[in-house]
Structures are given as structure tokens and as C-alpha cells.
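Geometric and topological summary
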Amino acid sequence: MTRIEDLTQSELWDATAAAGYDTPGEGMFAPEVLGPTVERLAALADGGRALEFAIGTGRVAIPLAEHVPVTGIEFSEPMVAQLRTKVGEAELPVVVGDMATADAGLGEYGLVYLVFNTISNLLTQDEQVACFANAARHLRQGGAFVIELWVPELRKLPPGAPGTLWQADDGYVGLDTYDVLNQRVVSHHFRFGDGREATLGRSPHRYIWPAELDLMARLAGFALESRHADFAGAEFTAESRSHVSVYRLPA
């Protein structure tokens, strides 16, 4: 039996995943989530071009393109196909490739951004370091690299327990199982209705502490400019479950 950790990104983000990814008006597509995200990214682009790593189905890129020119890099062709049902290539060009290595026009952007934990889809430290280097190559002098990422919840992991429950709502349960030796986590998403049946979706990740992320940035020539708990600018504290970190190249 193939382990979830051994599946490639193209196998994980297949046509089925792409077809069910969008949740218009809800969750990460809710206006109260998207609005501050787009507003903050547009301000950081400062009138220049923006590049989204792992653009997916265009959740952020499509509304952001109403403010600044946006290009995307995406590994999953089914996700790009879903994006194309909403916007054409002329309005939102996408390069199909790995965000750690693909070339979408080096040195042309004022902003590169990577949202909703996607850097953790790169399952080795080397790939994550390469992602920072690729962002730096695409940015002009003084450009910004923005990463939205969750904080590993190991403080909630009881001794000897393999995982944590991080959400339990009507129709949905989310839990993570950890491999602390290899800094890996598998997210499990259970969705169900009124009956006895449930569907399970799983995705593997390599979790990154903020301090490790900052070191990756330094290796690529970035300096940390700011860190908040969300795109609306809430203070980042020891209790924050995620962060939005802005890194800047020298001017």
C-alpha cells in the first residue's frame, strides 16, 4: 500500500482535488479572509508585478489581479485547468512547474507571495530553502517575499500521543499526526453529513518553525520586515496559530 507521504504533488492535487477545492464565500474563500489578504498584498506590491507560488485555482490571484498584474506558478495541471474556468491566460498567466525551481521571469517582480501554508507542501528542508532562493531570483531589488504559514502545534501534543485535534465542527473534523523525528505532519480532513458515512482527505507536510523560516530567508539574502498573526495585521504572539511573514531584499 502506498503511503500518503510517498505520493507526488501531482498525485495529491489531481482532478478530484481540484474539482472540490473551491468553497465560494466560505472558509478561506470567505470575504473576511480574502479581503484583508488582497488588500495587504496589493499594498506590498506597491504598483509592481506580483508572482504567486502555488497559485492553485486562483483564490487570491484573481481578486489581486484587479489591483496589480499577477503571474502564477503551479505544479498541478488540474488546478490550473480549474483556474482557467474562471480567467484566461492573457489576464492571469501561469507557468506549470515546481515553485522551488520554475522560472516565471527572473528579476521582474516587486512581490512574490505564498499563502495558506503551501510552502509546507515541499517535504524536505532543501526544497524549502530552494523555494526562498527562487523567490529571490524573481524579485527586483527591494522586493518582498510574503509567506502565510501555520505554527506547529507541538505544545498540544501529549507525551506518547501521535496527533492533535485542531478543529471539530458540524460536518467536519480536522486532526494532524506528527512524525517529530523527521519534522513531518499529515493533515486528516473528515467530512460528513447526517448519515454514517464520511469522506477522508489527507495531505503530507514538512512543518517549519518561524525561526527556521527566518534562517532560510537569510540564506537567500532576505531580512525579516514584519510578522503578524494574519493579513489584517493582528499581533503575533506565543498563542498565534499562524503567521504572515514579510521578507525583504536589500534595496
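Structure: see above.
These lines cover the structure that appears in this document, whether it is placed above or below. Along each chain, residue indices are assigned from 1 in the same order as the chain's sequence is written. It should be noted that, the model being predicted, local features are given only for residues of pLDDT at least 70 and side-chain atom pairs only at 80 or more, the latter also being counted only at that level, while totals for whole chains, interfaces and linings use all residues. Excluded from the side-chain calculation are hydrogens and water; included are all heavy atoms of the structure.

1. What about helix α3 (residues 31-45)?
For clarity, the threshold we go by: Working definition: helices are DSSP H or I runs of at least four residues, strands are E runs of at least two. Numbering for both runs from the N terminus. A helix is expected to span 1.5 Å for every residue after the first. Note on exposure labels: buried denotes an accessible area under 20% of the residue type's maximum, exposed denotes more than 50%, and partly exposed covers the range between, all computed with a 1.4 Å probe on protein chains only. To obtain the arc, one takes the directions from the helix axis to the C-beta atoms. What makes two residues a contact is simply this: any of their non-hydrogen atoms within 4.5 Å.
Between its terminal C-alpha atoms α3 stretches 21 Å, which fits the 21 Å expected from 15 residues at 1.5 Å a residue. Taken residue by residue, α3 has Leu-34, Thr-37, Val-38, Leu-41, Ala-42, Leu-44 and Ala-45 as its buried positions. Angularly, the buried residues of α3 cover 160° about the axis, an arc narrow enough to put them on a single face. In α3, those exposed residues whose orientation departs by more than 90 degrees from the buried face are Glu-32 and Glu-39. The elements touched by buried residues of α3 are α4 (61-64), β4 (109-114), β5 (139-150), β10 (223-228) and β11 (242-248).

2. Section: helix α5 (residues 77-84)
Quick reminder of the rule: We define a polar contact as two N or O atoms separated by no more than 3.5 Å, with the added condition that, inside protein, one atom must be a possible hydrogen donor and the other a possible acceptor, whereas residues neighbouring each other in sequence contribute only through side-chain atom pairs.
Along α5, the positions that sit buried rather than exposed are Met-79, Val-80 and Leu-83. All buried residues of α5 fall inside an arc of 100° around its axis, so they share one side. Here α5 starts with a cap whose side-chain oxygen sits 3.2 Å from the backbone nitrogen of Met-79, and that cap is Ser-76.

3. Some remarks on the sheet that holds strand β1 (residues 50-53)
For clarity, the threshold we go by: Between any two strands, pairing holds if DSSP finds at least two bridges. Fitted lines through C-alpha atoms give the axes, limited to the stretch in contact for helices. The angle between two N-to-C directions lies from 0 to 180 degrees.
Taking strand neighbours across the sheet as the criterion, the seven strands line up as β3-β2-β1-β4-β5-β11-β10 in an open arrangement whose pairing is mixed. Looking at strand neighbours, the two that pair on one side only are β3 (94-96) and β10, the edges of this open sheet. Shown here is a sheet whose adjacent strand axes are inclined to one another by a mean of 20°, direction ignored. The pairing of β4 with β5 spans five bridges and is classified as parallel. When the bridges of β5 are listed, Tyr-109 appears paired with Leu-139. Strands in contact with α5 are β2 (70-74) and β3; relative to β3, the strand with the most contacts, it is inclined by about 160°.

4. Re the packing of aromatic side chains
Threshold: Pairing of aromatic rings covers Phe, Tyr and the six-membered ring of Trp, with a centre-to-centre limit of 6.5 Å; geometry is then stacked below 30 degrees between planes, edge-to-face above 60, and tilted otherwise.
Enumeration over the complete set of coordinates arrives at eight aromatic pairs. Centroid distance Phe-132 to Phe-222: 6.3 Å. Interplanar angle 70°. Geometry classified as edge-to-face. In this pair, Phe-132 is assigned in helix α6 (residues 125-138) and Phe-222 in the loop between α7 (210-219) and β10, connecting sequence segments 90 residues apart. Of the two residues examined, Phe-132 and Phe-222, each falls in the buried class. Taking 5.7 Å as the distance between ring centres and 65° as the angle between the ring planes, the aromatic pair formed by Tyr-178 and Tyr-207 counts as edge-to-face. Highlighted residues: Tyr-178 in strand β7 (residues 172-179) and Tyr-207 in the loop between β9 (198-206) and α7, separated in sequence by 29 residues. Exposure class is identical for Tyr-178 and Tyr-207. Each is buried. An aromatic cluster is present here, built from Phe-53, Phe-132, Phe-145, Phe-222 and Tyr-247 joined pairwise through their rings.

Everything listed here is a matter of geometry and, on its own, says nothing about what the molecule does.
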